[in-house]
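What follows is each chain in one-letter form.
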Amino acid sequence: MPCRPFISIALFLLTVSAHAEDLGAIGPTYEITERDLIEVIQDKFRRMEKTGELARMQEDYKRRVVDTIEHPKPVPGIAAAQTARTFYLDPTWTLERNVVDEQGNVLYPAGTRVNPFDFDRLSKTLLFFDARDKKQVAFAKRFMAESKRPVKPILIAGAPLKLMREWKREVFYDQGGALSKRLAIAQSPAVVTQEGKRLRVDEVRL
């Protein structure tokens, strides 16, 4: 009795095998192949090169890169000064962790307040302005000519390379507003100088 299920299954398999037929090929058969990805990409580039599409894409990319360099995004949130404003900033900051030497000895413990002007001075006057505004450009040019201290011109909008070619001197750009945000500048032109151990910011109404 225990062997009957096994015998039944074996007989069934033998019956199926005996009645199996070779039905032949129903249609044409093909070898399954997959094109190499690099080859596909190369073929696409060759077609693009023949049609001139690749050259157009390269020129378009080059034009966009040059335009980004020539005309960077303006720093948001800064408008032409409508009201003259002067304010001061204390650059003092507090150490969040111990400053140690190579042997692990604590040089400055966490909580120590540090003012950079205890160790150095601001070597140049910082001048922030919008080069799209002719009045601000004229003010910047006059300010630099009359200043008794070196001036670092910093654009918050406009074309820095164009101005560099015209002035034949280095012009900087406050990319992303990194400096003007830290200095809380809301209007331009703005002049930043050191006064004692503080920074003085003058937003100038023209």
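Heads up: the structure comes first, above all this text.
Residues numbered from 1 in each chain as written. Predicted model: local features only at pLDDT ≥ 70, side-chain atom pairs only at ≥ 80, totals over all residues. Heavy atoms only, no water.

Q: Can you walk me through the packing of aromatic side chains in this structure?
A: Each aromatic ring pair is described using two quantities: the centre-to-centre distance and the angle formed by the ring planes. Evaluation of the coordinates by the stated rule reveals 2 aromatic pairs. When the ring centre of Y88 is taken as origin, the NZ or CZ atom of R198, which lies over that ring, is 4.0 Å away. (Phe/Tyr/Trp six-rings, centres within 6.5 Å; stacked < 30°, edge-to-face > 60°. Lys NZ or Arg CZ within 6 Å of the ring centre and 35° of its normal.)

Q: It is not clear to me how the sheet that holds strand 11 (residues 190-195) should be interpreted in this structure. Could you clarify?
A: Picture the strands of a sheet paired through backbone hydrogen bonds; they go either parallel or antiparallel. Within the open sheet, the 6 strands sit side by side as 2-12-11-7-8-9. Their pairing is mixed. Edge positions in the sheet fall to strand 2 (85-89) and strand 9 (172-173), since each of these pairs with one other strand and no more. With 6 bridges joining them, strand 11 and strand 12 (residues 198-203) adopt antiparallel strand pairing. Paired with V192 across the strands is V201, a residue of strand 12. Taken strand by strand, helix 4 (residues 134-146) contacts strand 7 (125-130), strand 8 (151-157) and strand 11, and its axis lies near 160 degrees from that of strand 7. (Pairing = 2+ DSSP bridges. Helix = DSSP H or I, 4+ residues; strand = E, 2+ residues; numbered from the N terminus. Contact = heavy atoms within 4.5 Å. Axes fitted to C-alpha atoms, helices over the stretch in contact; angles between N-to-C directions.)

Q: Just checking my understanding: could you explain the nonpolar core for this structure?
A: Generally speaking, nonpolar side chains in soluble globular proteins are found buried as a group. Grouped together as the largest cluster of nonpolar side chains are 29 residues, with contacts concentrated most on L127, F128, F129, L163, W167, I185 and V192. Those elements giving two or more residues to this core turn out to be strand 7, helix 4, strand 8, helix 5 (160-167), strand 11 and strand 12. Tallying contributions element by element places strand 8 first for this core, with 5 residues. (Core = buried A, V, L, I, M, F, W, Y, C linked by side-chain atoms within 4.5 Å. Buried < 20%, exposed > 50% of the residue type's maximum accessible area, 1.4 Å probe, protein only.)

Q: Before we go on, may I ask you to explain helix 4 in this structure?
A: Helix length check: helix 4, at 13 residues, gives a terminal C-alpha distance of 18 Å against a target of 18 Å (1.5 Å per residue), a fit within 8%. All buried positions along helix 4 are accounted for by Q136, V137, F139, A140 and M144. Viewed along the axis of helix 4, the buried residues span an arc of 160 degrees, placing them on a single side of the element. Summarising the geometry of helix 4, the exposed residues directed more than 90 degrees from the buried face are K134, K135, K141, A145 and E146. Where helix 4 is buried, its residues meet strand 1 (79-80), strand 7, strand 8, helix 5 and strand 10 (187-188). At the N-terminal boundary of helix 4, the capping side chain belongs to D133, with an oxygen 2.9 Å from the backbone nitrogen of K135. (Expected span 1.5 Å × (residues − 1). Arc of directions from axis to C-beta. Polar contact = N/O pair within 3.5 Å; in protein donor to acceptor, adjacent residues only side chain to side chain.)

Q: Whenever I open this one, the side chain of Q136 confuses me. Can you help?
A: Counting through the fold element by element, Q136 comes out in helix 4. When its relative accessible area of 2% is taken as the criterion, Q136 is described as buried. Residues in contact with Q136, not counting those within four places in the same chain, are A80, F129, D130, S188, P189 and L206.

Q: Where do I start with helix 5 in this structure?
A: Helical periodicity: at 3.6 residues per turn, an α-helix aligns residues three or four positions apart in one direction. Burial in helix 5 covers these residues: P160, L163 and W167. The buried residues of helix 5 occupy one face: seen down the axis, they fall within an arc of 65 degrees. Looking at the residues trailing helix 5, positive phi occurs at K168, about 55 degrees.

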